[in-house]
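Examining the three-dimensional arrangement
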Amino acid sequence: MIGFDGAALKALVVEDNPNFSLLIRSVLLAIGVRSIEEATDGAAALNGMKTVTPDLVIVDWRMVPMNGVDFAKQVRVGPDSPNPFVPIIMVSGYTEPSLVAAARDVGVNEFMAKPISARILTARIESVFLRPRPFVRAHSYFGPDRRRKRVPRAGEERRLQQEPVIYPGIFPMNTRP
Amino acid sequence: MSDDEVEFITPPNKLQSKVTMSAGGVDPATLARAEAVIASLQGNYLQWVEDDLTNLQGAYERAMSDPSNRRVHISEIFRIAHDVKGQGGSFGYQLMTVIATYLCRMVEKIENPGPEHMAVIKLHIDALRLVITQRMEGTGGAAGESLVKGLEAVIGKISR
């Protein structure tokens, strides 16, 4: 097939600004995503994920009472997370490197700076689906592999030389990071 | 798990049955349709931004009339300007994003907001209003360039 068929995909848009939410929803609809749920903050989204079971979450950074970074952290390592592996694309007007790094360090898959365009949003979605990264569990991190490129690193390699563990389903409770 | 251990996990891929995507990703026709949808929202944007500009002006006026709570009102100016910054470029008003970015950066640095800061904030709000009133799409051409240079010069003065 040529292109993208996301008709069966369930997306969750977490955004407190209705204008941004409409913008993202419109792009998703235009590329064929039919099932789009919305929440206006991280806490509502976490609660909604228990029934919606999204395949993709697009979340804004700045929201109250729970912002996007805290939401992503809860999804990845929270004790009640409905799906620690769900792809998360974060949208933000804050683009300082330290803030982008903070999003990366809580397990966000992709980061997208506002103002967004259809091209940028679809590029991030493509990245999630065409180039999925293995997850990494370390002492202080659980989420998509943060090393996108295989480059030699100075110092000792801390990663175990092993084949990836393939989980057949959602995390068994006793293996949750 | 010790501090040094790192484990790789291949997540369950439920998406394979739900999403199909060719190696080239979203095809150009679909992308063009998505861009057309955003363009069709430009009329909505012009309504939304009117509300933002009204709210910006209101927050500015409160900051002037209520100096004891000026920081609170300036925080509100930042919040609204941040939304303006994030939206303009999506709807063909890149100049709104540029000016609102300047306003956000300037406001972030203010420690003790005085009359000179308020004057520069007002200039930015007026510039944003001008862009919308004159429908200065994109970067606004020569007029837009002149507007931005003027704001840069004023910001430079209060930053010294």
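Residues numbered from 1 in each chain as written. Chains lettered and ligands numbered in written order. Predicted model: local features only at pLDDT ≥ 70, side-chain atom pairs only at ≥ 80, totals over all residues. Heavy atoms only, no water.

1. What to know about helix α5 (residues 115–133) of chain B
Residue and element names in this part refer to chain B.
- The first and last C-alpha atoms of α5 sit 26 Å apart over 19 residues, in line with the 27 Å expected at 1.5 Å per residue.
- When we look at burial in α5, the residues that qualify are H117, M118, V120, I121, H124, I125, A127, L128, V131 and I132.
- Contact partners of the buried residues in α5: α2 (42–65), α3 (70–88), α4 (94–109) and α6 (141–159).
- Downstream of α5 by a residue or two, R135 has a phi angle that is positive, lying close to 50°. (Helix = DSSP H or I, 4+ residues; strand = E, 2+ residues; numbered from the N terminus. Expected span 1.5 Å × (residues − 1). Buried < 20%, exposed > 50% of the residue type's maximum accessible area, 1.4 Å probe, protein only. Contact = heavy atoms within 4.5 Å.)

2. Considerations on the side chain of H82 of chain B
- The residue H82 of chain B is located in helix α3 in this model.
- Residue H82 of chain B is classed as buried on the basis of its relative accessible area of 8%.
- The contacts of H82 of chain B, once residues within four sequence positions are left out, are R62, G93 and Y94 of chain A together with C104 of chain B.

3. Quick word on the pattern of salt bridges
All names here are of chain A.
- Using the criterion set out here, one finds 13 salt bridges over all chains in the structure.
- E38 serves as the salt-bridge partner of R25, at 2.7 Å between the closest nitrogen and oxygen. Of this pair, R25 sits in helix α1 (residues 18–30) while E38 sits in strand β3 (residues 35–39); the two residues are 13 residues apart in sequence, bridging distant segments of the chain.
- Classification of R25 by relative accessible area gives partly exposed; the value is 27%.
- Under the relative-accessibility criterion, E38 is labelled partly exposed at 40%. (Salt bridge = Lys/Arg side-chain N within 4 Å of Asp/Glu carboxyl O.)

4. Focus: the sheet that holds β3 of chain A
Residue and element names in this part refer to chain A.
- As summarised here, the arrangement of the five strands in space is β3-β2-β4-β5-β6, forming an open sheet in which the pairing is parallel. Single-partner strands in this sheet number two, and they are β3 and β6 (110–113). Neighbouring strand axes in the sheet, compared pairwise and without regard to direction, differ in orientation by 20° on average.
- Against the sheet, helix α3 (residues 68–77) engages β4 (56–60) and β5 (88–92), with an angle of about 170° to β5. (Pairing = 2+ DSSP bridges. Axes fitted to C-alpha atoms, helices over the stretch in contact; angles between N-to-C directions.)

5. Comments concerning the packing of α1 of chain A against helix α1 (residues 28–40) of chain B
- It is the contact of α1 of chain A with α1 of chain B, at a shortest axis distance of 8 Å, that shows an interaxial angle of 150°. Here α1 of chain A lies roughly antiparallel to α1 of chain B, going by the angle between them. Between α1 of chain A and α1 of chain B lies a crossing whose hand is right-handed. Seen from α1 of chain A, the contacting residues are L23, S26, V27 and A30 of chain A; seen from α1 of chain B, they are T30, R33, A34, V37 and I38 of chain B.
- Residues that form the contact of α1 of chain A with α1 of chain B fall into these classes: six nonpolar, two polar and one charged. (Parallel < 35°, antiparallel > 145°, perpendicular 65-115°, else oblique. Left-handed = near helix turned anticlockwise from the far one by under 90°. Nonpolar A, V, L, I, M, F, W, Y, C, P; charged D, E, K, R; others polar.)

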